Amino acid sequence: MQKIEERIFEYTGYKQEDFSVCLGCKICASVCTLNDVGFKVNPQELLLSLFMGLKIKNHVLINLCTSCYRCTESCPWEIRIPELVRAIKEITDKEESFTKAMKESIRIFGRVYEPYVILRVLPTIILKGYVKYLKRWKDYINFHLPTFAGKKG
Amino acid sequence: MTYAYYPGCALKGSAKRLDLTLRKLFSRLGLTMKEIPDWTCCGALEYGDRKQIILNSKKNLNKASFISRMVIAACPLCVKNLKESEKDGEFSIFHPLDLLNVKLILSAEIKNDLTNHIFTPYYGCLLMRPKETALKDKEVMEKIIKALGGEVCGTEIKDKCCGGNRFFIDKDLAFNLSKIILERSKGTFVVFCPFCHLILKTFSGDRKVIYFTELLLYVLGDIKKL
Ligand code: SF4
Ligand code: SF4
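Predicted model only: the values in this text are computed from it and were never measured.

Conventions used here
- Each chain carries its own residue numbering, running from 1 in the written order of its sequence.
- Written order decides the labels, with chains lettered from A and ligands numbered from 1.
- Local features in this predicted model are restricted to residues of pLDDT 70 or higher, and side-chain atom pairs are both shown and tallied only at a pLDDT of 80 or more, whereas totals for entire chains, interfaces and linings draw on every residue.
- Side-chain measures here rest on the full set of heavy atoms in the structure, leaving out hydrogens and waters.
- Relative accessibility under 20% of the residue-type maximum defines a buried residue, over 50% an exposed one, and the middle range a partly exposed one, all with a 1.4 Å probe and only protein chains included.
- Secondary structure elements are defined from DSSP: runs of H or I of at least 4 residues count as helices, runs of E of at least 2 residues count as strands, and each element is numbered from the N terminus.
- Patches in this entry comprise residues that are over 30% relatively accessible and not in a salt bridge; like charges within 9 Å are linked, as are nonpolar side chains (Val, Leu, Ile, Met, Phe, Trp, Tyr) within 5 Å.
- All accessible-area figures derive from a Shrake-Rupley calculation using a 1.4 Å probe, and residue coverage is judged against the displayed protein chains alone.
- Definition used for salt bridges: Asp or Glu carboxyl oxygen within 4 Å of a side-chain nitrogen of Lys or Arg.
- Points on a 1 Å grid over protein atoms alone make up a cavity when a 1.4 Å probe fits among them but cannot get out, and a pocket when they form an open set with protein on both sides within 12 Å along at least five of seven lines; lining residues each have an atom within 4 Å of a point.
- Grid points are joined across faces, edges and corners, and a volume is the space filled by probe spheres set on the points.
- Residues are sorted three ways: Asp, Glu, Lys and Arg are charged, Ala, Val, Leu, Ile, Met, Phe, Trp, Tyr, Cys and Pro are nonpolar, and all the rest, Gly among them, are polar.
- Only heavy atoms enter the contact rule, under which two residues are in contact if any of them lie within 4.5 Å.
- For helices, the fitted axis covers only the stretch in contact; all axes are lines through C-alpha atoms, and the angles between them, taken along N-to-C directions, range from 0 to 180 degrees.
- Oblique is the label for any angle not covered by the other classes, which are roughly parallel (under 35 degrees), roughly antiparallel (over 145) and roughly perpendicular (65 to 115).
- When the near helix sits turned anticlockwise from the far one by under a right angle, the crossing is termed left-handed; a clockwise turn instead gives a right-handed crossing.
- When at least one non-hydrogen atom of a residue lies within 4 Å of a molecule or strand, that residue is treated as near it.
- The term polar contact refers here to a pair of N or O atoms within 3.5 Å; inside protein, the definition further demands a hydrogen-donor-capable atom paired with an acceptor-capable atom, and it admits residues adjacent in sequence only when both atoms are side-chain atoms.
- For the purposes of this section, nonpolar cores are sets of buried Ala, Val, Leu, Ile, Met, Phe, Trp, Tyr and Cys residues that join through side-chain atoms within 4.5 Å.

*Asks:* Please give an account of helix α10 (residues 212-219) of chain B that cites residues and values.
*Replies:* In terms of residue burial, α10 of chain B counts as a mostly covered element, since 8 of its 8 residues are buried. In the stretch just after α10 of chain B, Gly-221 of chain B is the one whose phi turns positive, near 85°.

Shown next, in the form of structure tokens:
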């Protein structure tokens, strides 16, 4: 079986040497959105581990990265850390049930059909206390019918 | 000239209002767009495999080519994916904010100006970053609002992350991130991203959160109240 690292490179289009340019300046860490709300996250750690062939799949960013691209914007080499995170998640099967439900929907309908996704993650929505926001979501409920656009082409 | 319109999943569901108001606004401004038939999801931020994302958008662009090589999408995620899949310069991809500008708005008949209104134009992440796919003019909403007499606030938070991508995964993270944005801003929230709308609206209390298209339709007199 292919090593995780190789698959990450294949998924993101990066090569191992692309990370050797990292200066270790930690600008990415200083701008990371997560640090605004009290986490101490350092995206460069992830690169370093990847470059050195260390374990990456339990890095804290895998659970937290919001894909805001702030690190990418400030990095002198514009390294796309959120895309690495997404690749790692998909390869190591660390995707959340929500992401999985969306992909399911795309596979079936060719599109993200929201009622289907909500049904699939209903336990999460109830257990994690989202119900109290229902009143505020009136606006978003649109009972369109699913299309099967994906099936035709 | 006709633009090929790629609505994307959200605009057919939770962001239906953005879809309707965008169509109406464009027809009021004399811009013609036609929806791409049988389009499929671009993959949003859900796939780790870049090839998959690019493939999805390429398929949609192929379908668009029967209408026009000028393609419009309103969801920031769709715009990013379409722009990334378009490397040969065969298609031009636009976000509505790439096409809207002060001159165009002022050339229409203005029914309501925005005097005495305060707004926070909020762009969120993907209209601002990464730079290859971001908007060219990162102050277009401010410029239009000011030209119409409105007051603009919240410049330092306009490109901060609201946590939209994590909303159904980590509620507390989304709550804490949107709190920063809500606290450091004033007046009516004006957004263009369906997810920013959903997240900010969920946590905004009494604050109003509207799409920029709705604001412009108010200016043109198609919507009675803000
Ligand atoms: S994309 Fe992820 S790692 Fe980069 S700044 Fe945003 S949250 Fe931090
Ligand atoms: S900002 Fe870029 S170059 Fe600097 S440490 Fe982070 S990844 Fe490396």
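*Asks:* Would you mind going over a nonpolar patch on the surface in detail, with residue names and values included?
*Replies:* All names here are of chain A. Together, Ile-118, Leu-119, Leu-122, Ile-126, Val-131 and Leu-134 make up a nonpolar patch on the protein surface, roughly 520 Å² of accessible area in all. Looking at the nonpolar patch, the elements that each hand over two or more residues are α10 (114-120) and α11 (122-127). Within the secondary structure, Ile-126 sits in helix α11. With a relative accessible area of 52%, Ile-126 lands in the exposed category.

*Asks:* Quick rundown of the layout of surface pockets? Include the residues and the values.
*Replies:* Gaps left between atoms are located by rolling a probe of water-molecule size over the structure's atoms. One number sums up the size of the second largest pocket: a volume of about 310 Å³. As for the second largest pocket, its lining consists of 14 residues, of which Arg-80 of chain A together with Lys-83, Glu-84, Lys-87 and Glu-132 of chain B are closest to the centre. Those elements that provide at least two residues to the lining of the second largest pocket are α3 (50-64) and α4 (76-85) of chain B. Residue classes in the lining of the second largest pocket are distributed as 2 nonpolar, 3 polar and 9 charged.

*Asks:* Residue-level account of the pattern of salt bridges, with values.
*Replies:* Residue and element names in this part refer to chain B. Within the structure shown, the criterion is met by 30 salt bridges over all chains. We note a salt bridge from Asp-222 to Arg-28, for which the minimum N-O separation is 2.5 Å. In this pair, Asp-222 sits in the segment after α10 while Arg-28 sits in helix α2 (residues 16-28), placing the two residues 194 residues apart along the sequence. Owing to a relative accessible area of 26%, Asp-222 belongs among the partly exposed residues under this scheme. Residue classification places Arg-28 among the partly exposed residues on the basis of a relative accessible area of 33%. For the salt bridge of Arg-129 with Asp-159, the shortest nitrogen-to-oxygen distance reads 3.4 Å. One end of the pair, Arg-129, is in the loop between β5 (118-122) and α7 (140-147); the other, Asp-159, is in the loop between β6 (151-152) and α8 (171-183), and 30 residues separate them in sequence. Given the relative accessible area of 1%, Arg-129 is considered buried.

*Asks:* Describe α7 of chain B, listing the residues and the values that go with them.
*Replies:* All names here are of chain B. Looking only at α7, the buried set comprises Val-140, Met-141, Glu-142, Ile-144 and Ile-145. On its buried face, α7 is in contact with α5 (96-99), α6 (102-107), β5, β6, β7 (188-191) and α10. Looking one or two places after α7, you find Gly-149, whose phi comes out positive at around 95°.

*Asks:* Describe the packing of α7 of chain B against α10 of chain B, with residues and values.
*Replies:* All names here are of chain B. Where α7 contacts α10, the axes come no closer than 12 Å and their chain directions differ by 20°. Relative to α10, the element α7 is oriented roughly parallel. When you trace α7 past α10, the crossing you get is left-handed. In this structure, α7 uses Met-141, Ile-144 and Ile-145 to contact α10, whose residues at the interface are Phe-212, Leu-215 and Leu-216. For the contact of α7 with α10, the class distribution of residues is 6 nonpolar, no polar and no charged.

*Asks:* Describe the site of ligand 1, with residues and values.
*Replies:* In the region of ligand 1, the neighbouring residues are Cys-32, Thr-33, Pro-43, Leu-61, Cys-65, Thr-66, Ser-67, Cys-68, Tyr-69, Arg-70, Cys-71 and Pro-82 of chain A. Residue classes in the shell around ligand 1 are distributed as 8 nonpolar, 3 polar and 1 charged.

*Asks:* Give a description of the site of ligand 2 that names residues and reports values.
*Replies:* All residues adjacent to ligand 2 are Cys-22, Leu-23, Gly-24, Cys-25, Lys-26, Ile-27, Cys-28, Gln-44, Leu-47, Cys-75 and Pro-76 of chain A. For the shell around ligand 2, the secondary-structure elements that each account for two or more residues are α3 (27-31) and α5 (43-52) of chain A.

*Asks:* Residue-level account of the side chain of Asn-42 of chain A, with values.
*Replies:* Residue and element names in this part refer to chain A. Within the element layout of this structure, Asn-42 appears in the loop between α4 (33-36) and α5. Of note is the side chain of Asn-42, whose polar atom sits 3.0 Å from the backbone nitrogen of Gln-44. For Asn-42, the residues in contact, after removing those within four places along its chain, are Lys-26, Cys-28, Ala-29 and His-59.

*Asks:* Tell me about the nonpolar core, residues and numbers included.
*Replies:* Core analysis: the biggest nonpolar cluster contains 129 residues, and Val-71, Leu-97, Leu-100 and Phe-212 of chain B have the highest contact counts within it. Residues contacting Leu-97 of chain B, with those up to four places away along its chain left out, are Tyr-123, Leu-127, Leu-135, Val-140, Met-141, Phe-192 and Phe-212 of chain B.

*Asks:* A description of the environment of Tyr-6 of chain B should follow, citing residues and the corresponding values.
*Replies:* All names here are of chain B. Structurally, the position occupied by Tyr-6 is in strand β1 (residues 2-6). Judged by relative accessible area, Tyr-6 falls into the buried class, the value being 0%. Placed 76 residues apart in sequence, Tyr-6 and Leu-82 show a C-alpha to C-alpha distance of 9.5 Å. When near neighbours in sequence (up to four residues on either side) are disregarded, Tyr-6 contacts Ile-36, Trp-39, Thr-40, Cys-41, Cys-42, Asn-60, Val-71, Ile-72, Ala-73, Ala-74, Cys-78 and Leu-82. Among the polar contacts listed, one links the side chain of Tyr-6 to the backbone oxygen of Thr-40, at a separation of 2.8 Å.

Any link to function would need more than the numbers given here.
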